[in-house]
Structure formats: structure tokens, C-alpha cells
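Here's the letter readout for the chains.
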Amino acid sequence: MSKRSPIRKTVNIGGDEISYLESGTGPPLLLIHGLGHSSRAWLRAIPKLEERHRVLAPDLPGHGASAAPDARYDPAFFGRFVGAFVSALGLDQADAAGNSLGGLALVLAALEHPQAFRRLVLADPLGFTKSPVPPLDEAVLTIIGLWLSFPRTRALIRAGYAASFFDARQLDDASVDEIVSRLGSVARLRAARRTLSEIFHYSRRLESLHEGLARLAPPALVIWGKNDPVLPSKDAQIARRVLPAPRIEVLERCGHFPHIEQSEAFCTLVLEFLNTA
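Note that the structure is a prediction, hence the values are computed from the model and not measured.

**A word on the packing of helix α5 (residues 154–162) against helix α6 (residues 173–181)**
Describing two packed helices takes the angle between their axes plus the distance from one axis to the other.
Thought 1: The N-to-C vectors of α5 and α6 enclose an angle of 130 degrees; their axes lie 10 Å apart at closest approach. Compared by their axis directions, α5 and α6 come out oblique. For the crossing formed where α5 meets α6, the hand is right-handed. Residues Arg-154, Ile-157, Arg-158 and Tyr-161 of α5 form the contact with α6, whose participating residues are Asp-173, Ser-175, Val-176, Asp-177, Ile-179 and Val-180.
Thought 2: For the contact of α5 with α6, a count of residues per class yields five nonpolar, one polar and four charged.

Below is the structure:
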């Protein structure tokens, strides 16, 4: 028997309509995507995860089908959003997994609302890799800003996205389609630019975050693609040092998106971690 596709739903948070996918039954499992992605990034992982969990995957503000308000789009903004989403859906002691920016947003939300989360899975997360030192970081931001401004074909977008994978054949075209569909949206381009800039500036000084992680209540599993070209896997050792007794797993032959590139291995690790007493 084939499984049902996740159901697309909406919820109003602070006056903004937020789109999310829901599927499965059981203990809640929140899935938070990274920059430039949407809830579609989890489509390969959801069929396995929904076997044991009620899966909820929102589109972050400025992404996917969610509203793109005129906001700052710094990591604290996304952390507050995660906390508000959990509250709006009435979740309690939820498990959660986040990739890249989504991982950092989960950590910030869990620091503010420790009672709301049971266990965290951080996949190639932001928050452990420092930005390039000035003036290189500003040069990188300028180049990315120009890239976002230029007209882009689907083929060019697909090629740029493929660079984040170890094996480009594992790329998910659903995410490419999502990115292409957002071309021409002024509000989403503004959100992307602000998010990139805020991430870079936030990542210059991570000492305060790392000091605060000593009080992170939920146990954490960190999964990192060994061949991540965006956030190097060596920074998993920083996570090991600053997180309270994390479990660290590094996946061979894997880039920045383990939930996509190695979804079976990723889901096996996640379910084992979440369902072990």
C-alpha cells in the first residue's frame, strides 16, 4: 500500500500565514529546513520518519509558501519563529531536526523554551563555523548579492545547488523547482539577502552562543556530511566541545544535506536516537 503524501496546511503566526507539511501519527517531530530551501527539502525523509512520528515541516518565513514579512531575518528571528510555531500548534516536548540555518534556529528556540523540546537533531548546523575574516566576508557577501540579483535560468540554479552535494546525482529537483518558482519575488529576494548578511555577521562572533550552550537542556545528535563544502565537517568537533555531551555522527560521501543525499542513513540515525530511552 502506498503512503499518503504529506498534507499542506497553514497557521497564522503574528499576523503572517505560515505554510507547513504534516504527515503521520505519534510523538511530534518538527523538521526545520535551511536557507533557500522549504519544507520540500524533507520529502525524501518524511516517508520513513512518519512511520513513528507525527511529522511537521514548516516553510520558514521568507521561504516556500510562507509569508515574507519585512523583518530583520537574523538567527534570533528564526529562533523566535520556531518557538512561536511550536506554541501555535500546541506542541509539548517535541522532538526536532534542523539542517543548517534550521539547526541553529532550533538551538536558539530550545535555549529560550527548554520545556518545549525533548531531543534535537542538528544536521550540518550553523553556529559552529565562523565566517571568513574581514574583508573577505564582505567580498563573499557582495558576490552572493550579485548572484541573487542576476537573472538565473533553471540550469544555472540547479548547477549552483548541486555544488552543495558530494554526489550531484542525489540532488532533489523538487527543491530546484521551488527555488525557480520564487524567482521574481521581491519580498523573497529581500528576505534571502537579509538572511545571508545576518548569518555572516552573526557567525563572526560565536563565543556568546557557545557559552550559552552549556545550559541547552535537550540531548542533541549532530549529523554532518564529511564532504560538506558549505560548513566543513571538522567543525563537528567544535560542536562536540561546546554542546553538553552530544552524539556526533559523520556520514561519508555526503555533502551539506544529509537528509536528502543520504536520507536512509539519516533517518536510521534519527529514529534510533529519538526512540532510544
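**Observations concerning helix α11 (residues 263–274)**
Thought 1: An ideal rise of 1.5 Å per residue puts 16 Å on twelve residues; α11 measures up with 16 Å between its terminal C-alpha atoms.
Thought 2: For α11, the set of buried residues is Ser-263, Phe-266, Cys-267, Leu-269, Val-270, Leu-271, Phe-273 and Leu-274.

**Topic: the nonpolar core**
A general trend in soluble globular proteins is that nonpolar side chains are found buried together.
Thought 1: One finds Leu-30, Val-82, Phe-85, Phe-117, Leu-209, Leu-213 and Leu-243 to be the most contacted residues of the largest nonpolar core, which totals 50 residues.
Thought 2: Non-local contacts of Leu-30, meaning those with residues more than four positions away in its chain, are made with Leu-56, Pro-58, Val-82, Phe-85, Val-86, Asp-95, Ala-96, Ala-97, Leu-106 and Phe-117.
Thought 3: Formed by 23 residues, the second largest nonpolar core is a distinct cluster that contains Ala-45, Ala-57, Ala-97 and Leu-269.

**Thoughts on the packing of helix α2 (residues 75–88) against helix α3 (residues 101–112)**
Thought 1: Here α2 crosses α3 at 65 degrees, and the two axes come no closer than 8 Å. Taken together, the axis directions place α2 and α3 in an arrangement best described as roughly perpendicular. α2 and α3 meet at a crossing whose hand is right-handed. Together, Pro-75, Ala-76, Phe-78, Gly-79, Val-82 and Gly-83 of α2 and Leu-101, Leu-104, Ala-105, Leu-106, Leu-108 and Ala-109 of α3 make up the contact between the two elements.
Thought 2: Residues that form the contact of α2 with α3 fall into these classes: ten nonpolar, two polar and no charged.

**Focus: the environment of Gly-127**
Thought 1: Among the structural elements, Gly-127 can be located in the loop between β6 (117–123) and α4 (136–149).
Thought 2: Apart from residues no more than four positions distant in its own chain, Gly-127 is found in contact with Leu-104, Leu-206, Leu-209 and His-210.

Procedures and definitions
- Residues numbered from 1 in each chain as written.
- Predicted model: local features only at pLDDT ≥ 70, side-chain atom pairs only at ≥ 80, totals over all residues.
- Heavy atoms only, no water.
- Axes fitted to C-alpha atoms, helices over the stretch in contact; angles between N-to-C directions.
- Helix = DSSP H or I, 4+ residues; strand = E, 2+ residues; numbered from the N terminus.
- Parallel < 35°, antiparallel > 145°, perpendicular 65-115°, else oblique.
- Left-handed = near helix turned anticlockwise from the far one by under 90°.
- Contact = heavy atoms within 4.5 Å.
- Nonpolar A, V, L, I, M, F, W, Y, C, P; charged D, E, K, R; others polar.
- Expected span 1.5 Å × (residues − 1).
- Buried < 20%, exposed > 50% of the residue type's maximum accessible area, 1.4 Å probe, protein only.
- Core = buried A, V, L, I, M, F, W, Y, C linked by side-chain atoms within 4.5 Å.

The values reported here are purely geometric and, on their own, carry no functional implication.
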